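Take a look at the letters that make up each chain.
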Amino acid sequence: RKEVEQDPGPFNVPEGATVAFNCTYSNSASQSFFWYRQDCRKEPKLLMSVYSSGNEDGRFTAQLNRASQYISLLIRDSKLSDSATYLCVVGFNFGNEKLTFGTGTRLTIIP
Amino acid sequence: EPEVTQTPSHQVTQMGQEVILRCVPISNHLYFYWYRQILGQKVEFLVSFYNNEISEKSEIFDDQFSVERPDGSNFTLKIRSTKLEDSAMYFCASSLAGGVLTFGAGSRLTVL
C-alpha cells in the first residue's frame, strides 16, 4: 500500500463548481497533515494544515478522519486560479518533519 | 513575506561531476530540509538538519550526498559524483517548528 495515496485525476471542473479531493495514508502513527498546492514546475506551497476537528479557510475546507486514515479537501466556488496540482502531505513528527507526499491530484478549472 | 532562496535555478552537469546546490533558509527558522522531485513523480524527502547535524535521512540520501551549513545563513546539498538518475528538481525547505515547511523555488539539476 502506498504511504499516501491520491487519485491523480485530472479533474476538469467548470468555474464556480465545488470539487472534492480525497487522500488516504498508511501510517496510523502519523501526526501532522497538510494540503499543499503545486503549480507546474514550481515549488509546493502550503494551502492549509488539517486538524481532526476539520478546518476552513475561505472557500477551502479540510477534514481528517484518523480512524479511517483519510483526509479530504473541498473547494467551493472554484476559480480559474485554483488550477494546480493538490498534494496531500503527511508528517510523522512535529517539528523535525520528514513529510511524505502523495503524487498529487491535478485540477483544471474550465472557464 | 520571508522566503527560502535557492541557487542556481538550473544546473547542467556531466555524469560523474560534483554539484553543490545552495539555499538560504528563512532567517529565524531552525529546521532545514532537502527534498527532490523527479519530473512527473512525487516530492521525496532526502534529509532534515537541525542544530548543525543531520536528524533524519532517507535511503535516497546515500554516501554520494552530503549537507552542510557552512555559515549562519547558507545550507548546501552536495552530490559528489552525479548519476543520470540524479536529474530532478531539488527543493530546499525550512521550518520554525510544527511541520509547516516553506519551500524554495527549487534548483533543477540535469545530468548528461
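Here the structure is a predicted model, which is why all the values come from computation and not from measurement.

### A few points about the nonpolar core
Part 1: Phe 21, Trp 35, Ile 71, Leu 73, Ile 75, Tyr 86 and Leu 107 of chain A are the most contacted members of the largest nonpolar core, which has 23 residues in total.
Part 2: Sorting the residues of this core by element identifies β3 (19-25), β4 (32-38), β5 (44-49), β7 (60-65), β8 (70-75), β9 (84-91) and β11 (105-110) of chain A as the ones contributing at least two each.
Part 3: Leu 107 of chain A has contacts with Phe 11, Val 13, Val 19, Phe 21, Ile 75, Asp 82, Ser 83, Ala 84 and Tyr 86 of chain A, leaving out every residue within four places of it along the chain.
Part 4: Membership of the second largest hydrophobic core comes to 21 residues, among which are Val 4, Phe 32, Phe 65 and Val 67 of chain B.

### Some points on the sheet that holds β7 of chain A
All names here are of chain A.
Part 1: Read from one edge to the other, the open sheet built from five strands follows the order β1-β3-β8-β7-β6, with strand pairing classed as antiparallel. A single partner strand is all that each edge strand has here, and the edge strands are β1 (4-6) and β6 (55-57). Recorded for the sheet is a direction-independent mean angle of 20 degrees between the axes of neighbouring strands.
Part 2: Sheet topology places β7 next to β8; six bridges connect them, and they run antiparallel. Opposite Gln 63, over in β8, you have Ser 72 as the bridge partner.

### Digging into the packing of aromatic side chains
Part 1: With the rule as written, the count across this model stands at 17 aromatic pairs over all chains.
Part 2: The interplanar angle of 85 degrees and the centroid separation of 5.4 Å between the aromatic rings of Phe 11 of chain A and Phe 21 of chain A together place this pair among those described as edge-to-face. Of the two residues, Phe 11 of chain A is situated in strand β2 (residues 11-14) and Phe 21 of chain A in strand β3; the sequence distance between them amounts to 10 residues.
Part 3: A relative accessible area of 23% places Phe 11 of chain A in the partly exposed class.
Part 4: Since its relative accessible area comes to 1%, Phe 21 of chain A is described here as buried.
Part 5: Measuring from centroid to centroid gives 5.6 Å for Phe 32 of chain B and Phe 75 of chain B, while their planes differ by 40 degrees, and the two rings are tilted. One end of the pair, Phe 32 of chain B, is in strand β4 (residues 31-37); the other, Phe 75 of chain B, is in strand β8 (residues 75-79), and 43 residues separate them in sequence. Take Phe 32 of chain B and Phe 75 of chain B: they sit in the same class, and that class is buried.
Part 6: Feature note: the residues Phe 34, Tyr 36 and Phe 101 of chain A together with Tyr 33, Tyr 35, Phe 45, Phe 91 and Phe 103 of chain B constitute an aromatic cluster, connected by ring pairs.

Rules and cut-offs
Residues numbered from 1 in each chain as written. Chains lettered and ligands numbered in written order. Predicted model: local features only at pLDDT ≥ 70, side-chain atom pairs only at ≥ 80, totals over all residues. Heavy atoms only, no water. Core = buried A, V, L, I, M, F, W, Y, C linked by side-chain atoms within 4.5 Å. Buried < 20%, exposed > 50% of the residue type's maximum accessible area, 1.4 Å probe, protein only. Helix = DSSP H or I, 4+ residues; strand = E, 2+ residues; numbered from the N terminus. Contact = heavy atoms within 4.5 Å. Pairing = 2+ DSSP bridges. Axes fitted to C-alpha atoms, helices over the stretch in contact; angles between N-to-C directions. Phe/Tyr/Trp six-rings, centres within 6.5 Å; stacked < 30°, edge-to-face > 60°.

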